[in-house]
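# Fold and geometry: a report
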Amino acid sequence: QVHLVESGGGLVQAGGSLRLSCAASGGEFTDCNAAWFRQAPGKNREFVAAIDWSGTGTTYGDVAQGRFMISRARAGNTVWLRLSDLEPEDTATYFCAADLSWGRIVGGIADYWGQGTQVTVSS
């Protein structure tokens, strides 16, 4: 049982940066891989980044383009996503997710999801 709450979204100009946070509660989170996804209206959900349960392995989706960085507390319940060099195309709701399976979460399947935080990038 894991509950996830995202924060840190907002309005930013093109070229700017934001740091999103995902606060997790529930003992099972310690064993979970975590990931960030995003979805814009009328578009499919996109994989952004994932980090494994140990915090030693990460992977990024093509949408990151070297501009984003995922991290997690070694002994805590927080996962971050740093967004840099943002473009209007990055405008979306960003979701945090957690799952015991690495393969599942990288494939967009997760047992636990937050409600999302809105990122809007203006030109």
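Going by the structure above, here's the rest.
This write-up is about the structure you can find in this document. (Residues numbered from 1 in each chain as written. Predicted model: local features only at pLDDT ≥ 70, side-chain atom pairs only at ≥ 80, totals over all residues. Heavy atoms only, no water.)

Here we come to the overall build of the protein. Looking only at helices and strands, the protein has 1 helix and 11 strands in total. Listing every helix and strand of the protein by position from the N terminus yields β-β-β-β-β-β-β-β-β-α-β-β. For the protein, whose C-alpha radius of gyration is 13 Å, the value lies close to the compact-globule estimate of 14 Å for 123 residues. With 123 residues in all, the protein has 45% of them scored as buried. Here the protein has roughly 6,400 Å² of accessible surface; of this, 47% comes from carbon and sulfur atoms. When the 9 positive and 12 negative side-chain charges of the protein are each reduced to one mean point, those points stand 4 Å apart. (Helix = DSSP H or I, 4+ residues; strand = E, 2+ residues; numbered from the N terminus. Rg over C-alpha atoms; globule rule 2.2 N^0.38 Å. Buried < 20%, exposed > 50% of the residue type's maximum accessible area, 1.4 Å probe, protein only. Areas by Shrake-Rupley, 256 points an atom, 1.4 Å probe, with all protein chains shown as cover. Lys, Arg positive; Asp, Glu negative; His and termini not counted. Charge placed at Lys NZ, Arg CZ, Asp CG, Glu CD.)

Let us look at the pattern of salt bridges. If you walk through the whole model with that rule in mind, you get 5 salt bridges. Its salt-bridge partner being Asp90, residue Arg38 comes within 2.8 Å of it at the nearest N-O pair. On the criterion of sequence distance, the pair formed by Arg38 in strand 4 (residues 33-39) and Asp90 in the loop between strand 8 (78-83) and strand 9 (92-99) is long-range, its members being 52 residues apart. The shortest N-O distance in the salt bridge between Arg67 and Asp90 comes to 2.6 Å. One end of the pair, Arg67, is in the loop between strand 6 (58-60) and strand 7 (68-72); the other, Asp90, is in the loop between strand 8 and strand 9, with 23 residues separating them in the sequence. Across this residue pair, the class does not change: Arg67 and Asp90 are buried. Residues joined in a network through salt bridges with shared partners are Arg38, Glu46, Arg67 and Asp90. (Salt bridge = Lys/Arg side-chain N within 4 Å of Asp/Glu carboxyl O.)

Of all hydrophobic cores here, the largest spans 30 residues; its most connected members are Leu4, Phe29, Trp36, Leu81 and Tyr94. Listed by contribution, the elements that provide at least two residues to this core are strand 3 (18-25), strand 4, strand 5 (46-51), strand 7, strand 8, strand 9 and strand 11 (117-122). If we ignore the near neighbours within four places in the chain, the residues touching Phe29 are Val2, Leu4, Ala24, Ala34, Arg72, Gly76, Asn77, Val79 and Ala98. Of all hydrophobic cores here, the second largest spans 7 residues; its members include Ala35, Phe47, Ala97 and Ile105. (Core = buried A, V, L, I, M, F, W, Y, C linked by side-chain atoms within 4.5 Å. Contact = heavy atoms within 4.5 Å.)

Two modes of strand pairing occur in sheets, parallel and antiparallel, and in both the strands are linked by backbone hydrogen bonds. Spatially, 4 strands are ordered 1-3-8-7 in an open sheet, and the strand pairing comes out antiparallel. Two strands in the sheet have a free side with no partner beyond their single neighbour: strand 1 (3-7) and strand 7. Going across the sheet, the axis of each strand differs from the next one's by a mean of 15 degrees, ignoring polarity. Note that strand 7 and strand 8 share 5 bridges and pair antiparallel. Bridge pairing in strand 8 places Met69 opposite Arg82. (Pairing = 2+ DSSP bridges. Axes fitted to C-alpha atoms, helices over the stretch in contact; angles between N-to-C directions.)

What follows is about the state of the cysteines. One pass over the full model with this rule turns up 1 disulfide. We note that Cys32 lacks a disulfide partner, and the nearest cysteine sulfur, in Cys96, lies 10 Å from it. (Disulfide = S-S within 2.5 Å.)

Function-wise, these values are silent; they only describe arrangement.
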